[in-house]
Amino acid sequence: MSKRPKVITITGGKGGTGKTLCAVNIATMFKNEGKNVLLIDGDVENPNTYLLFGGTLEDKKEVPFFKPTILQDKCTKCGLCAENCATHALLHIKDGFPIPILSVCSGCKLCYKICPSGAIEADHKIIGWKYQSRVNHISLLIGELKPSEARSAAVVASLLQDLDNIFKKNPDKYDVVILDTAPGAHCDVELLIEKSNLVIPVTEPTKFGHLDLLRIIELIELLNKPYKAIVNRSSLLGYRDQFLKELSENSIEILGDIPLDDDVVKSYCQGTPLMDSEGEFNKSGEAYKAFHIIFQNLKNWMNEESNNGE
Ligand code: SF4
Ligand code: SF4
């Protein structure tokens with residue numbers, strides 16, 4: 001019987017907490033164990049997972065987005081399309097042709113469907129790109145929003161459509177799917193969290209880190225998903241123990257914490273994940289040991305899920 005892979009989403013309330021570092025290294029540790037891993041970079045305004053693998057953007061595909069074009073030779077100026085457009089993306093002045101305001105158009109196609117005269121053409125514009133590649137024996141699917149475009153959620157939705165197609169056509173293809181989100185708590189992140197079996201919010205031991213963690217947890221709980229946090233740069237400012245105590249007092253479970261370690265910086269510079277079995281990093285280093293603990297805790301969670309028949 002085929003079984004869907006576990007989907008693990010790595011997220012973070014604010015930028016720069018190290019969520020991509022965690023996504024890349026967790027994907028790498030699964031790969032080290034012989035698992036087939038798909039890593040989806042859903043941080044479409046700043047996709048950089050491939051850089052941490054020393055990879056390149058390959059197999060570029062356009063992401064189209066619906067654009068209504070008014071055919072003036074057919075339009076009777078009835079105004080029905082503008083009246084029903086929920087986002088007010090069609091400006092209709094009495095006796096004039098409707099004017100599309102594309103910056104607020106959601107692409108819902110309602111106007112196209114309801115126009116009684118067939119006067120709206122289903123045109124499209126390109127809002128971004130998707131790339132597919134395989135680096136370090138890990139499959140990457142990367143989304144990129146076109147500069148000046150605002151429809152990042154539509155690019156994320158397109159990535160998730162590809163994931164659904166994989167699940168439909170070949171559910172056994174991957175053992176685990178890792179989703180890396182943009183920072184913050186907004187609709188792009190929500191779409192990715194909704195797909196998850198487990199969410200890992202990555203934070204750091206600062207007041208801002210704590211506040212942002214609480215904000216992203218609010219969203220995760222709203223979507224009714226289980227989560228376990230990672231505290232990155234935990235030795236920062238000597239605040240680790242107090243921070244972990246605060247999380248525990250708030251009943252926030254953690255997979256582990258990663259102290260500051262020069263090997264993390266080296267791995268960034270080399271474009272080789274710290275946990276790559278072929279990398280030349282110090283295997284008794286602080287960050288290396290921390291990632292091992294995190295991975296062990298993650299595998300324990302997966303085993304519990306399997307035992308519970310999830
Ligand atoms: S609904 Fe069709 S015919 Fe009516 S104003 Fe819109 S485009 Fe023109
Ligand atoms: S596609 Fe939807 S949001 Fe865009 S103009 Fe048509 S009705 Fe409005």
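Refer to the preceding data block for the structure.
The rules behind each value
- Counting starts from 1 at the beginning of each chain's written sequence and moves along it residue by residue.
- Working convention: letters from A go to chains and numbers from 1 go to ligands, in the order in which they are written.
- Only residues with pLDDT of at least 70 are given local features in this predicted model, and only at 80 or more are side-chain atom pairs given and counted; all residues enter the totals for whole chains, interfaces and linings.
- For the side-chain quantities, the full set of heavy atoms in the structure was used; hydrogens and water were omitted.
- The rule for a residue being near a molecule or strand is that one of its heavy atoms must lie within 4 Å of it.
- Only protein atoms enter the 1 Å grid used here, on which a cavity is any set of points holding a 1.4 Å probe that cannot leave and a pocket is any open set flanked by protein within 12 Å on both sides along at least five of seven lines; residues with an atom within 4 Å of a point are listed as lining.
- For a molecule to be placed in a cavity or pocket, more than half of its atoms must lie within 2 Å of the grid points of that cavity or pocket.
- Three residue categories are used. Nonpolar comprises Ala, Val, Leu, Ile, Met, Phe, Trp, Tyr, Cys and Pro, charged comprises Asp, Glu, Lys and Arg, and polar comprises the others, including Gly.
- Only DSSP runs of H or I with at least four residues qualify as helices, and only runs of E with at least two residues qualify as strands; both kinds are numbered from the N terminus onward.
- We define a salt bridge as a side-chain nitrogen of Lys or Arg found within 4 Å of a carboxyl oxygen belonging to Asp or Glu.
- Buried means the residue's accessible area, taken with a 1.4 Å probe over protein chains only, is under 20% of the maximum for its type, while exposed means over 50%, and partly exposed covers the values in between.
- Grid points are joined across faces, edges and corners, and a volume is the space filled by probe spheres set on the points.

Caption draft 1: Layout of the site of ligand 1. Not every one of the 13 residues close to ligand 1 is listed here, only the nearest: C75, C78, G79, C81 and C115. Among the detected pockets, ligand 1 sits in the second largest cavity. Class assignment of the residues belonging to the shell around ligand 1 gives a composition of nine nonpolar, three polar and one charged.

Caption draft 2: Broad picture of the site of ligand 2. Taken together, 13 residues are adjacent to ligand 2, and C85, C105, C108, K109 and C111 come closest. Here ligand 2 is seated within the largest cavity. Contributing elements (two or more residues each) for the shell around ligand 2: β3 (61-70) and α4 (110-114). Split by residue class, the shell around ligand 2 holds nine nonpolar, three polar and one charged.

Caption draft 3: Fine view of the pattern of salt bridges. Applying the stated criterion across every chain yields a total of 17 salt bridges. Residue K125 is joined to E149 by a salt bridge in which the shortest nitrogen-to-oxygen separation is 3.5 Å. With K125 in strand β6 (residues 120-135) and E149 in the loop between β7 (138-145) and α5 (152-169), this pair connects stretches of sequence that are 24 residues apart. Looking at K125, the relative accessible area reads 17%, which means it is buried. Here K130 makes a salt bridge to D162, at a shortest N to O gap of 3.0 Å. Of this pair, K130 sits in strand β6 while D162 sits in helix α5, placing them 32 residues apart in sequence. Residue K130 is classed as buried on the basis of its relative accessible area of 11%. Where salt bridges share partners, they join K19, D43 and D180 into one cluster.

Caption draft 4: A look at empty space enclosed by the protein. Inspection of every chain in the model, using the stated rule, returns four cavities of 30 Å³ or more. Estimated volume of the largest cavity: approximately 120 Å³. Taken together, 18 residues make up the lining of the largest cavity; nearest its centre are C85, A89, L90, C105 and C111. At the level of elements, β3, α3 (80-84) and α4 are the ones that each hand at least two residues to the lining of the largest cavity. Partitioning the lining of the largest cavity into residue classes produces 13 nonpolar, four polar and one charged.

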